[in-house]
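Notes for the structure review
Below are the chains, spelled out letter by letter.
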Amino acid sequence: MVFDMIGGVGSGGFIAILLVLFRLTAEEALEEFSNLNVNILDKQDIDAKTRTAALRGCVDCLLVKYKIDRTTRLLDVTNRSKGCKLAVAISYKHNARSICILRNYPSQQAVSPNLTIAEAVLATLATPPLFTSTQILKDAATFDYISADWALSNPTQELITEAHETFGAEAKVACLLSLGCGNAGVFASPDSFSMEEWNKLLECLVMDSERKANNLASQMGPLGFHHRFSVSRGLERNRKGINIITTGIIIQHTQAYLEELQVSRQIEICINALRFQTEIVSLNQLRYLGGGQTLSPQLPPLTKTFVMRKKPWEFIEKVLLLKRDSGDTNGPRMLLVTGIGGCGKTQLMLRFMKEHKSRFTYQFFIDGSSEDRIRSDMVRNVRAIGTEHSQKTFEDCILFLSQLPRNGQSLLLYDNVDDPNLDLSSLLPQGDSCAIAITSRNHVLGELDPEAHLPLDIMAVEEATELLLHGSSRSTMVTDQVRKDIVALAETLGCLPIALQQACAYMRQAKCSASAYLSRLSKNRAKLLGRTIKYQVDMQSISTYAAFEMSFEKLPVPSQKLLRLVSYFHWAGFPLELIDQAAQHNFVYYEQTPVQHGDDFYIGRQLLESIFFR
């Protein structure tokens, strides 16, 4: 599947159902929609009842052709409600302004009618006066549904809201594809007082989706993830009503539109966005800011207990700020900061970027954990600079950063470049217009430029002591004994920043002193040393692990189980939706294909039930 969600209204909703529930290809959906036009929609001089009866017959044929049981419902968990999500808007006959969303997935925000697929198609296409309403009997009550295209000719904003509530506020969007039904042209008011002509004008105004599409494009266009395609000429309405436009005429004008140079380039850009899945904007930004005010992604926050590290700081300033020799200007400035996890590499670089923000035209923070993340963050940062960069690919971004004027130098931080198999050189700008900083646990990366390599070690005892004094938020006076205990704790934790931060958090929450923490830490460390371990580790690692063990044991047992479970997943973008979906089915398989489960399955199920079913 290419898309995570597909939706629409009216005929667009019908096409969405064909793609998602019938699982047709685009070519197959086009064929079925063309048949619907010829055999049902284009028929002249027939009343609504006759046309609706013909539509029912057409839907029955579709179900038989694609081997779908007529009783299959949208939320049939064993069949069609998986993979791409479907969201189709319909209305109520007796309250046409009220919008109802048909879904093939459960929603916590609103109750969705669980219609059969046949009923969903009929309701989606039931545009008055072409068709009669679709009547559904439920709980001894009759509901009359009609198409929502009168009240909602362009459902893009409603689908964004639906995606926000379904995937979560922080989910990122790589592509928003909007397909229109053609530019309706200019609407002139009739010269006569004929009620028929004025009603046709009103119909044109209500059904015009292009105005809303243009407003959305102006909001979302600058970042290059919104792609709108709608035939611009040939499908206009005349002043006396709607021209008789056959399926053949529509296809001819659409082909001519797609052959336009500008449209062809836009299609190519859209295809690349779908191919590379470059995440541009969060759903929260898209829903509440329209996507146009995302600006450059913000730097991650600095820890409140940051402690300046004098010698590493001076080295960073020397490499990135001092004037270069005349013979050393071929290529970007490079700084490589390596060290064990938790030694403060990222925090040190973030503090540098904050302190020297005015020295650089642009500052980009790039997740270096994989090539895909690097590409995505690079494109997102460059496109956020302005509308002139909204269509740039990754290669365009690299070229842009390589050719900036010298007085417009940028600073790029590639964070956590730990994969030894990553070909980093192909992902870096060239030329001398950039300063590039790389943090990594991989010490070998320092060989790229030994003179610009900062092997970051643990903190000095004085620095570690200062961090503990400020981070533990002690309100009592710092006596000689308190300072002595703090120094002892810093040395016990090996002066490793991440362990020190953990100790600060524990002492704040438990309201314990450094001596009390040290006592508890010693007990934990003794317990850890008594265990049989597979790999030999040093005392610094034991102390660090003991600090985390203490905090971990204060958590409720279900929380401990959950953390152990999620530790097997990547730290970013954990699929919370899977837990919600699985819980609704009691953590048993809900695929139709029988599966022979081993002991691991039942152990995993028992673990999930003990965490979430309390």
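Heads up: these notes are all about the structure in this document. As the structure is a prediction and not an experimental result, all values here were calculated from the model.

**Side note on the pattern of salt bridges**
Applying the stated criterion across every chain yields a total of 13 salt bridges. Glu 32 is the salt-bridge partner of Lys 65, the closest N and O atoms lying 2.7 Å from each other. With a gap of 33 residues between them, Lys 65 in helix α3 (residues 48–65) and Glu 32 in helix α2 (residues 26–41) connect regions that are remote in the sequence. Lys 65 gets classed as partly exposed once you look at its relative accessible area, which sits at 48%. Residue Glu 32 is classed as buried on the basis of its relative accessible area of 8%. Across the pair Glu 371 and Arg 375 runs a salt bridge whose closest N-O atoms are separated by 3.1 Å. On the criterion of helical spacing, the pair formed by Glu 371 and Arg 375 is a turn pair, its members being four residues apart in helix α13 (residues 371–383). According to the relative accessible area criterion, Glu 371 is partly exposed, its value standing at 36%.

**Things to note about the packing of aromatic side chains**
Two descriptors summarise a pair of aromatic rings, namely the distance from one centre to the other and the angle between the planes of the rings. Applying the stated criterion to the full structure yields eight aromatic pairs. Look at Phe 143 and Tyr 145: their rings are 6.3 Å apart centre to centre, the planes differ by 10°, and that puts the pair in the stacked class. What makes Phe 143 partly exposed here is its relative accessible area of 31%. On the basis of relative accessible area, Tyr 145 is assigned to the buried category, the value being 4%. When the ring of Tyr 362 is compared with that of Phe 400, the centres are 6.5 Å apart and the planes differ by 45°; the resulting orientation is tilted. Placement of Tyr 362 in strand β11 (residues 362–367) and of Phe 400 in helix α14 (residues 394–402) is noted, with a sequence separation of 38 residues between them. Among the aromatic side chains, those forming a connected cluster through ring pairs are Tyr 92, Phe 143 and Tyr 145. Positioned above the aromatic ring of Tyr 105 is the side chain of Lys 85, whose terminal nitrogen or guanidinium carbon lies 5.2 Å from the ring centre.

**Remarks on the nonpolar core**
The biggest cluster of nonpolar side chains holds 47 residues, and the ones touching the most others in it are Leu 320, Met 349, Phe 352, Leu 468 and Leu 489. It is helix α17 (residues 497–510) that contributes the most residues to this core, six residues altogether. Looking at this core, you find at least three residues from each of domain 3 (310–455) and domain 4 (484–554). Residue contacts for Phe 352: discarding those within four places in its chain leaves Trp 313, Ile 316, Glu 317, Leu 320, Leu 321, Phe 360 and Leu 411. In terms of nonpolar packing, the next biggest core, distinct from the first, is built from 41 residues, Leu 176, Met 378, Ile 398 and Leu 412 among them.

Cut-offs and rules
- Residues numbered from 1 in each chain as written.
- Predicted model: local features only at pLDDT ≥ 70, side-chain atom pairs only at ≥ 80, totals over all residues.
- Heavy atoms only, no water.
- Salt bridge = Lys/Arg side-chain N within 4 Å of Asp/Glu carboxyl O.
- Helix = DSSP H or I, 4+ residues; strand = E, 2+ residues; numbered from the N terminus.
- Buried < 20%, exposed > 50% of the residue type's maximum accessible area, 1.4 Å probe, protein only.
- Phe/Tyr/Trp six-rings, centres within 6.5 Å; stacked < 30°, edge-to-face > 60°.
- Lys NZ or Arg CZ within 6 Å of the ring centre and 35° of its normal.
- Core = buried A, V, L, I, M, F, W, Y, C linked by side-chain atoms within 4.5 Å.
- Domains from an automatic or database assignment.
- Contact = heavy atoms within 4.5 Å.

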